[in-house]
Amino acid sequence: IAQQIIFNSIFPRIFGHGTDVLTVMSKVSFDMLVVSPLICLPVAYAVKSFVFQHSLNEAMLNYKDDVMNNSLLFRYWCIWGPVQCITFGVVPQHLRIVFIAVVSFFWLVIFSTISNDSSK
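As a starting point, this report considers the structure included with it. Since we're looking at a predicted model, the values are computed, not measured.

1. Observations concerning the packing of aromatic side chains
Okay, so step 1: Within this structure, the stated rule accounts for 10 aromatic pairs.
Okay, so step 2: A centroid spacing of 5.2 Å and a plane angle of 85° characterise the contact between Tyr-76 and Trp-107, whose relative ring orientation is edge-to-face. One end of the pair, Tyr-76, is in helix α4 (residues 72-89); the other, Trp-107, is in helix α5 (residues 96-119), and 31 residues separate them in sequence.
Okay, so step 3: Taking the relative accessible area as the measure of exposure, Tyr-76 reaches 8% and is therefore buried.
Okay, so step 4: A relative accessible area of 7% means that Trp-107 is categorised as buried.
Okay, so step 5: Members of the aromatic cluster, joined through ring pairs, are Phe-7, Phe-11, Phe-15, Phe-30 and Phe-88.

Here it is, written out as structure tokens:
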């Protein structure tokens, strides 16, 4: 639901509905530099810490460690940068969340590997 709101309601209000290069790059850049590193990824670490009964502080320390030492953001950007270019430039708005969900399956395999490596 959050992605539906962010990508199909908020982003079009901020950046417009266009699929031109400037609009797509604006959406992708904002997602890669603001939404994902400041909201999505920290929330994922917080949920994982809740599930495994760890503190929120520990979750944020793990997130920081993965960003600084395990190339989390670099790997995230390598996958999601091109994916979001396709999402905002090619995929019709009503299919965007489905497209993201399919790619997310593969990202979660990589993300799990990265986050489990830091848990050791």
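After that view, the rundown keeps rolling.
2. A short note on the nonpolar core
Okay, so step 1: Ranked by internal contacts, the top residues of the largest apolar core, which has 22 residues, are Leu-41, Leu-72, Trp-80 and Trp-107.
Okay, so step 2: Of all the secondary structure elements, the ones that give two or more residues to this core are α1 (2-15), α2 (21-51), α3 (56-69), α4 and α5.
Okay, so step 3: Excluding anything up to four places from it in sequence, Trp-107 contacts Leu-41, Leu-72, Arg-75, Tyr-76, Ile-79 and Trp-80.

3. Thoughts on unusual backbone geometry
Okay, so step 1: The backbone of Gln-53 shows a phi angle near 55°, a positive value even though the residue is not glycine.
Okay, so step 2: Phi at Ser-71 takes a positive value of approximately 60°, unusual for a residue other than glycine.
Okay, so step 3: In this structure, Ser-71 sits in the loop between α3 and α4.
Okay, so step 4: In this structure Ser-71 comes out as partly exposed when scored by relative accessible area, which is 33%.

Definitions and cut-offs
- Residues numbered from 1 in each chain as written.
- Predicted model: local features only at pLDDT ≥ 70, side-chain atom pairs only at ≥ 80, totals over all residues.
- Heavy atoms only, no water.
- Phe/Tyr/Trp six-rings, centres within 6.5 Å; stacked < 30°, edge-to-face > 60°.
- Helix = DSSP H or I, 4+ residues; strand = E, 2+ residues; numbered from the N terminus.
- Buried < 20%, exposed > 50% of the residue type's maximum accessible area, 1.4 Å probe, protein only.
- Core = buried A, V, L, I, M, F, W, Y, C linked by side-chain atoms within 4.5 Å.
- Contact = heavy atoms within 4.5 Å.

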